Amino acid sequence: NAFFEDITANANGANGLRANVKTVGPGGAWVFLTVSNSVANGNTADGFSVDAVATGNAAQVFFDNVTAITNAGDGIDVAATAGGALAPAIIGFTDTLTLDNGIHGVRANARVTAALPGSANIWGHDMVSAYNTSNGVNLQASGASAYALDFGGGVFFPAGGNNSFYANGYRDMRNQVGGQTAMAENNWWGQDPPVAGQFQGSIDYTPWLATDPHPLP
């Protein structure tokens, strides 16, 4: 397990925080990585770049109360790879703020590599991702027996996501997981109603919020 708390990683010549955690072998340890109460602003690559690999077990990465602003790359770039039989790959976001980054606000990739695969899960609530050059949230996942992409209205947050995704340069949410719908109900999309051009891939964004639950100062 790895826990990164109360970190300030600003104005570095590469990533603000770069973490690569890996366990190997059949039945190897479960990888559990958390980044909380941390800031990575103004770096020349990604704000947070995290890769968790469990070749024989499950992999989980969680971000809580994290800020990434004006990085040249992604605000948050995270991948979780699970290689154990029926083991899940899980990525979660709570109270994250990603603004004005040079590529995506959030890029998340949940991968499953086992012959007897488990699930791939990406979820988020109370997030803000806005004014990023490419996508506010970019979702990727592969190899799983089942998928849950839940930013509101899905299995994790049936009441809605309470997220604010808007004013991003390409799409506010892009779902690159073929054949899977990303649930993104009860979020603010910068306008009421949102328009189809804010989305790419299969995304259920109805109903939406009529006002911003997280107005910026």
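Residues numbered from 1 in each chain as written. Predicted model: local features only at pLDDT ≥ 70, side-chain atom pairs only at ≥ 80, totals over all residues. Heavy atoms only, no water.

### Topic: the overall build of the chain
Now for step 1: When you go through the chain residue by residue, the secondary structure sums to 0 helices and 17 strands.
Now for step 2: For the chain, the C-alpha radius of gyration of 16 Å lies close to 17 Å, the compact-globule estimate for 217 residues.
Now for step 3: Taking the principal axes of its C-alpha atoms as reference, the chain extends roughly 50 × 40 × 25 Å.
Now for step 4: Across the 217 residues that make up the chain, the buried fraction comes to 54%.
Now for step 5: Considering only intrachain contacts with a sequence separation of at least 6, the fraction spanning at least 24 residues in the chain is 77%.
Now for step 6: Carbon and sulfur atoms make up 53% of the accessible area of the chain, which amounts to about 8300 Å² in all.
Now for step 7: In the chain, the 6 positive side-chain charges and the 16 negative ones have mean positions that sit 16 Å from each other. (Helix = DSSP H or I, 4+ residues; strand = E, 2+ residues; numbered from the N terminus. Rg over C-alpha atoms; globule rule 2.2 N^0.38 Å. Buried < 20%, exposed > 50% of the residue type's maximum accessible area, 1.4 Å probe, protein only. Contact = heavy atoms within 4.5 Å. Areas by Shrake-Rupley, 256 points an atom, 1.4 Å probe, with all protein chains shown as cover. Lys, Arg positive; Asp, Glu negative; His and termini not counted. Charge placed at Lys NZ, Arg CZ, Asp CG, Glu CD.)

### Thoughts on the environment of glycine 75
Now for step 1: Secondary-structure assignment places glycine 75 in the loop between β5 (59-69) and β6 (76-82).
Now for step 2: Residue classification places glycine 75 among the buried residues on the basis of a relative accessible area of 0%.
Now for step 3: Measuring from C-alpha to C-alpha, the distance between glycine 75 and aspartate 100 comes to 8.4 Å, with 25 residues separating the pair along the chain.
Now for step 4: Those residues in contact with glycine 75 that lie beyond four places of it in its chain are Gly47, Phe48, Ala68, Thr98, Asn101, His104 and Gly105.

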